[in-house]
Amino acid sequence: MEADEARALVAQFLRGYGPVCDPAAFLRARFDAGLAWIHFPPGLGGLHAPRALQPVVDEAFAAAGTPGNDPHRNAIGLGMAAPTILRHAGVDLALRLLRPLWTGEEIWCQLFSEPGAGSDLAGVATRAVRDGEDWIVTGQKVWTSLAHRARWGLLLARTDPELPKHQGLTYFICDMSRPGVEVRPLRQITGEAEFNEVFLTDVRIPDTLRLGAVGDGWQVARTTLMNERVAIGGRSRPREGGMIGVLAEAWRANPQRRTPGLHDELVRLWIRAEAVRLTALMVGTQAAAGDPGPEGSAVKLSYATLTQQITGLELELLGAEGLRYDDWTMRRPEGVDLLGRTPGYRYLRARGNSIEGGTSEILRGVVADRVLKLPAEPRADIAVAWKDLPR
């Protein structure tokens, strides 16, 4: 399929709709026509077309002014759950989950991190015990975005504590409406509560909602993690887009605050932002050709550090004016908006960039091991049963 053929398919689809249509019904029909994820298989929102045609399809729908699926509202579902489901779920389960995920009718969250196993994801302690055709899950998850709105959660749990920590994990899909699921808000330094802690108490999960084989959870989780890091750091941006554009605009609007030292730092960050942007384009191209690789970890790591440095320089440029804060009211925002908020908010929220989506310390290890191929650090926990590890 070529770009012109993709545009023709969109035009043919749109001929069945007038200027006004029900947004939910429109999105369902677009999915059924294979024009959601065009590279997905037929019946699962796609046409087995080249992934590179996705922007062509999206631009054609946008030009026609059609309803969108508001990807920021369901970022975990679209960026992480969908590719994991496509790769590891059976056809029947994928058919059930992907359509309402893409339309935004069912929101997703990620039940990975725990109070005692944040950076060391393979050390999770949440237990899943087999009970006939179900699994009974008990544990606690933390830093869970969208859990208060989610219908489904991507859950990593320990099913065999007798095995080494990477081998005793199994991956499930958790129905967040089930008895025993409790979601509590976590208030952040910004005053808001984007994140949650989730308590799981004897939650029953049918074995039909397991992804991958029992004990193969780590491999399934790696699919999710690689897509997560590309989703966070690998977004396509124009030159001087994103946070560096905000900083450059502040520089142009405040000539009285400029100094040679600030100018040197601005230029250094601008060059680095451009390098990260171009690298992200390369990683996105690689992801379009198949599964994303460990290079996404390098982009996410660079993005986190760069954003923190940019927001710091913005405050330094603005001085006391930059310390004003718009609103400290405890609320649950729809999403993260670094561009549309005040400099003070941007500075505080950027502190979380080096934690979310994999800590910067862990990502440096991934880059060293899987990108640079450096010798691995000695580890004493690889061949030891999880139950025997100190905690």
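Below is a summary of the structure that appears in this document. (Residues numbered from 1 in each chain as written. Predicted model: local features only at pLDDT ≥ 70, side-chain atom pairs only at ≥ 80, totals over all residues. Heavy atoms only, no water.)

A word on the overall build of the chain
Working step 1: A count of helical and extended segments in the chain gives 11 helices and eight strands.
Working step 2: For the chain, the C-alpha atoms occupy an extent of roughly 70 × 60 × 45 Å along the three principal directions.
Working step 3: Going through the 391 residues of the chain one by one, you find that 48% of them count as buried.
Working step 4: In the chain, of all internal contacts separated by at least 6 residues, the share reaching a separation of at least 24 is 70%.
Working step 5: Split by element, the accessible area of the chain, about 18,400 Å² in all, is 55% carbon and sulfur.
Working step 6: Charge centroids of the chain, computed over 46 positive and 47 negative side chains, lie 2 Å from each other. (Helix = DSSP H or I, 4+ residues; strand = E, 2+ residues; numbered from the N terminus. Buried < 20%, exposed > 50% of the residue type's maximum accessible area, 1.4 Å probe, protein only. Contact = heavy atoms within 4.5 Å. Areas by Shrake-Rupley, 256 points an atom, 1.4 Å probe, with all protein chains shown as cover. Lys, Arg positive; Asp, Glu negative; His and termini not counted. Charge placed at Lys NZ, Arg CZ, Asp CG, Glu CD.)

A short note on the nonpolar core
Working step 1: Counting residues in each nonpolar core, the largest one holds 66 residues, and the members touching the most others are Trp37, Ile85, Leu98, Trp108, Cys174 and Met176.
Working step 2: No other element matches the six residues that helix H5 (residues 91-103) contributes to this core.
Working step 3: Excluding its chain neighbours within four sequence positions, the residues that come into contact with leucine 98 are Phe31, Trp37, Phe40, Leu44, Ala82 and Ile85.
Working step 4: Judged by nonpolar contacts, the second largest core, of 18 residues, contains Ile244, Leu247, Leu266 and Leu338. (Core = buried A, V, L, I, M, F, W, Y, C linked by side-chain atoms within 4.5 Å.)

Things to note about the packing of aromatic side chains
Working step 1: Across all of its chains, the model carries 12 aromatic pairs by this definition.
Working step 2: With a centroid separation of 6.1 Å and 85° between ring planes, the pair formed by phenylalanine 26 and phenylalanine 61 is classed as edge-to-face. With a gap of 35 residues between them, phenylalanine 26 in helix H2 (residues 23-32) and phenylalanine 61 in helix H3 (residues 54-63) connect regions that are remote in the sequence. Each member of the pair, phenylalanine 26 together with phenylalanine 61, is buried.
Working step 3: One aromatic cluster in this structure is built from Phe13, Tyr17, Phe26 and Phe61.
Working step 4: When the ring centre of phenylalanine 199 is taken as origin, the NZ or CZ atom of arginine 184, which lies over that ring, is 4.1 Å away.
Working step 5: For the cation-ring pair, arginine 351 lies above tyrosine 347, with the distance from its terminal atom to the ring centre recorded as 4.2 Å. (Phe/Tyr/Trp six-rings, centres within 6.5 Å; stacked < 30°, edge-to-face > 60°. Lys NZ or Arg CZ within 6 Å of the ring centre and 35° of its normal.)

A closer look at the pairing of strand E2 (residues 127-131)
Working step 1: In the sheet, E2 pairs with strand E3 (residues 134-141) via five bridges, with the strands oriented antiparallel. If you follow arginine 130 over to E3, its bridge partner there is tryptophan 135.
Working step 2: Hairpin connection of E2 to E3: two residues between the antiparallel strands, including glycine 132 at a positive phi of 65°. (Pairing = 2+ DSSP bridges.)

Overview of the environment of methionine 1
Working step 1: Looking at the element boundaries, methionine 1 is found in the segment before helix H1 (3-14).
Working step 2: A C-alpha to C-alpha distance of 45 Å links methionine 1 and valine 183, two positions 182 residues apart in sequence.
Working step 3: Apart from residues no more than four positions distant in its own chain, methionine 1 is found in contact with Ala6, Leu9, Ile38, Leu47, Ala49, Pro50 and Leu53.

Concerning the side chain of serine 360
Working step 1: Along the chain, serine 360 falls in helix H11 (residues 360-371).
Working step 2: With relative accessibility at 5%, the residue serine 360 sits in the buried group.
Working step 3: Excluding anything up to four places from it in sequence, serine 360 contacts Leu301, Ala304 and Ser354.

Overview of helix H10 (residues 343-350)
Working step 1: With seven of its eight residues buried, H10 lies for the most part within the structure.
Working step 2: Among the residues making up H10, those that are buried are Pro343, Gly344, Tyr345, Arg346, Leu348, Arg349 and Ala350.
Working step 3: Looking at the packing, one finds that the buried side of H10 touches strand E7 (195-206), helix H7 (243-253) and helix H9 (295-318).

Concerning the pattern of salt bridges
Working step 1: This structure, assessed with the given rule, holds 26 salt bridges.
Working step 2: Of the charged contacts in the structure, one is a salt bridge between aspartate 175 and arginine 151, with a shortest N-O distance of 3.1 Å. You can see aspartate 175 sitting in strand E5 (residues 169-175) and its partner arginine 151 sitting in the loop between E3 and strand E4 (152-158), a full 24 residues away along the chain.
Working step 3: Measuring nitrogen to oxygen at the nearest pair gives 3.2 Å for the salt bridge that ties aspartate 388 to lysine 387. (Salt bridge = Lys/Arg side-chain N within 4 Å of Asp/Glu carboxyl O.)

Details of unusual backbone geometry
Working step 1: Despite not being glycine, histidine 48 shows a phi value in the positive range, around 55°.
Working step 2: Structurally, histidine 48 is set in the loop between H2 and H3.

Comments concerning the packing of H7 against H9
Working step 1: For the pair H7 and H9, the least separation of the axes is 10 Å and the interaxial angle reads 15°. Relative to H9, the element H7 lies roughly parallel. Both H7 and H9 take part in a crossing whose hand is left-handed. Here Met243, Ile244, Val246, Leu247, Ala250 and Trp251 of H7 lie close against H9, whose contacting residues are Thr307, Ile310, Thr311, Leu313, Glu314 and Leu317.
Working step 2: Among the residues making up the contact of H7 with H9, the classes are represented as nine nonpolar, two polar and one charged. (Axes fitted to C-alpha atoms, helices over the stretch in contact; angles between N-to-C directions. Parallel < 35°, antiparallel > 145°, perpendicular 65-115°, else oblique. Left-handed = near helix turned anticlockwise from the far one by under 90°. Nonpolar A, V, L, I, M, F, W, Y, C, P; charged D, E, K, R; others polar.)

Regarding the state of the cysteines
Note: disulfide means a covalent bond formed between the sulfur atoms of two cysteine side chains.
Working step 1: Inspection of the entire model under this criterion finds zero disulfides.
Working step 2: Looking at cysteine 109, it has no disulfide partner, and the nearest cysteine sulfur is the one in cysteine 174, 7.6 Å off.
Working step 3: By relative accessible area, cysteine 109 is classed as buried at 0%.
Working step 4: Looking at cysteine 174, the relative accessible area reads 1%, which means it is buried. (Disulfide = S-S within 2.5 Å.)

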